[in-house]
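Examination of the molecular architecture
What follows is each chain in one-letter form.
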Amino acid sequence: MRDLWMRTCERLSGRLSAEMFETWIEPVVFGGLDAAELSLRVPNRFYAEWLGTHYAPAILEAAALELDAVGEPSITPVRVRFEIDESLRDRLVPRDRVPKPEAQPVPAPVVDEVPGQRLPSQPPISRAELNPKYTFESFVVGASNQLAHAASLAVAQSPGKRYNPLFLCGGVGLGKTHLVNAIGHHVLETNPSARILYVSAERFTNDFISAIKNNQMEQFRALYREGCDVLLMDDIQFIARRESTMEEFFHTFNALHHMDKQIVVTSDVYPEHLEGMEARVVSRFQSGLVADIQAPDIDTRVAILEKKAESEGIVLDKSVANFLATCVKSNVRELEGTLIRLSMQAELMGKKMDLELARTALRAVLPKTEQATSVEDIQKAVCDYFNLRLIDMKSQRRHRSVAFPRMLAMYLCRHHLGTSFPELGERFGGKDHTTVLSACRKINGLLEAEDERVKQPLAAIERRLGF
Ligand code: ADP
Ligand code: MG
């Protein structure tokens, strides 16, 4: 089988430039071929993402041709699965141009277990289960995640005492997994013998299924009920509609709760929106504290980028940080991914990671909608600049301290987004379109008169928005 990969590589080498082949294919190691899935080991998450989007079809095609050639078409893979293997980092070429100082956090799903795998005979209760990078120290707090952060910290400081369960919910890539891991680390710091069980609901389900199959329910319960002081259950939505798993979880929950063991659950939606989740389970979730995480605002996004750059040893210019934060809004994982990708690209091309490179690189990668700054973004940026509340900006107040920023924001929207006057009127708290029109005219006039009181704030806000 290893041969198969070698010959697949040969085929690929004929189709790619030597540089591309060296950079992307050579560091990859064959991991296995099973159930229509070709498993490849790669040095970091960046490789998994890049190969997945750019080379998976070519790899599959080459592998199919090879299997055909050796008369084994029946085992032709239809999917590539990437597993991150940090030990492969030294295979990164060219070495002098692609230094990867730090390992990427391994996202759990890449190596998640499949149903039917054995239940670990040793309870997997250790630090190793937690992602070492996901700590409170590396978590950036902003308005969007303040409550979730505070609640997590409180729980970590006195597990089982307050907020039990703690239910963290929010969209994809907003830091739920990061926070539960941070809780685990923090509890272990104060109490190294605490038994922390961090599992995805999927893993719980798999363990449960194989425990039933292998007659190991006793071990299963020993692990999840008696062997655990803090249960951190990630992505609980996975067990919705799985009747027996839900039932088992319900009893696990009750047993732990009864012993005052801390339970933290994450989910992509609020408890009441978990479709297919039993009412009694939902009501358990609601009995503690439900804290949600929203998409971060622009300042938090910039702060996250800066923190990430620092920890990865990436030199990040303020203007590039602002630009990236303006382009990628809804998902922190994507935000980080964009930063890493960009820095990798800069390294590969031997260029500086400046605004120009960022603009070029992102134009190709981001869908149109992600690129566009919204009316809301402009309003927020202007409010931030003038220390104003969004409510005031949209209010009917005419005091100059409010009216001037409002006019500027209207002008910026019109000028950069081309939004229509009536729509802007609407978006600024139901104003008449003539109000917007005269605001734009006014600012225009002041700009033409080179009025510094307009030019200066305008330039600062535009810079911040990456215009
Ligand atoms: P979720 O579990 O909600 O889908 P994750 O916790 O996996 O999201 O977060 C995605 C990525 O974004 C992780 O690498 C995480 O470290 C990072 N991240 C999310 N929120 C923050 C934050 N507030 N500060 C620093 N990093 C963050
Ligand atoms: Mg997660």
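Above this text is the structure in question.
Residues numbered from 1 in each chain as written. Chains lettered and ligands numbered in written order. Predicted model: local features only at pLDDT ≥ 70, side-chain atom pairs only at ≥ 80, totals over all residues. Heavy atoms only, no water.

**A look at the site of ligand 1**
Near ligand 1, the surroundings consist of 17 residues, among which Val140, Gly173, Lys176, Thr177 and His178 are the closest. Here a nitrogen atom of ligand 1 and a backbone polar atom of valine 140 are 2.8 Å apart. Taking glutamate 336, its side chain carries an N or O atom lying 2.8 Å from an oxygen atom of ligand 1. When ligand 1 sits alone it has 550 Å² of accessible area, and the protein chains cover 95% of it. If you list the elements that add at least two residues to the shell around ligand 1, you get α6 (176-190) and α13 (332-349). Looking at the shell around ligand 1 residue by residue, the class counts come to 7 nonpolar, 7 polar and 3 charged. (Near = heavy atom within 4 Å. Polar contact = N/O pair within 3.5 Å; in protein donor to acceptor, adjacent residues only side chain to side chain. Areas by Shrake-Rupley, 256 points an atom, 1.4 Å probe, with all protein chains shown as cover. Helix = DSSP H or I, 4+ residues; strand = E, 2+ residues; numbered from the N terminus. Nonpolar A, V, L, I, M, F, W, Y, C, P; charged D, E, K, R; others polar.)

**Re the nonpolar core**
The biggest cluster of nonpolar side chains holds 50 residues, and the ones touching the most others in it are Ile183 and Leu232. Setting aside anything within four residues of it in sequence, one finds isoleucine 183 in contact with Phe136, Ser152, Val155, Ala156, Leu166, Leu232 and Val264. Residues Leu16, Phe21, Ile25 and Trp50 belong to the second largest nonpolar core, which totals 32 residues. (Core = buried A, V, L, I, M, F, W, Y, C linked by side-chain atoms within 4.5 Å. Buried < 20%, exposed > 50% of the residue type's maximum accessible area, 1.4 Å probe, protein only. Contact = heavy atoms within 4.5 Å.)

**A word on helix α21 (residues 452-465)**
An ideal rise of 1.5 Å per residue puts 20 Å on 14 residues; α21 measures up with 20 Å between its terminal C-alpha atoms. Buried within α21 are the following residues: Val454, Pro457, Leu458, Ile461, Glu462 and Leu465. When α21 is viewed along its axis, its buried side chains cluster within an angular range of 135° and face the same direction. Opposite the buried face of α21, at more than 90 degrees from it, the exposed residues are Gln456 and Arg463. Of the surrounding elements, those touching the buried residues of α21 are α12 (318-327), α16 (375-386), α18 (400-417) and α20 (433-448). (Expected span 1.5 Å × (residues − 1). Arc of directions from axis to C-beta.)

**What about the packing of aromatic side chains?**
Applying the stated criterion across every chain yields a total of 12 aromatic pairs. Both rings, one in tryptophan 24 and one in tyrosine 47, keep their centres 4.9 Å apart while their planes meet at 55°; by these two values the pair is tilted. In this pair, tryptophan 24 sits in helix α2 (residues 18-25) while tyrosine 47 sits in helix α3 (residues 45-54), placing the two residues 23 residues apart along the sequence. Owing to a relative accessible area of 0%, tyrosine 47 belongs among the buried residues under this scheme. Between phenylalanine 204 and tyrosine 224, the aromatic rings sit 4.8 Å apart at their centres with planes inclined by 80°, giving edge-to-face as the arrangement. Of this pair, phenylalanine 204 sits in helix α7 (residues 201-213) while tyrosine 224 sits in helix α8 (residues 217-226); the two residues are 20 residues apart in sequence, bridging distant segments of the chain. Assessed through its relative accessible area of 1%, tyrosine 224 is described here as buried. Ring pairs connect the aromatic residues Phe167, Phe204, Phe208, Phe220, Tyr224, Phe249, Phe253 and Phe285, which therefore count as one cluster. (Phe/Tyr/Trp six-rings, centres within 6.5 Å; stacked < 30°, edge-to-face > 60°.)

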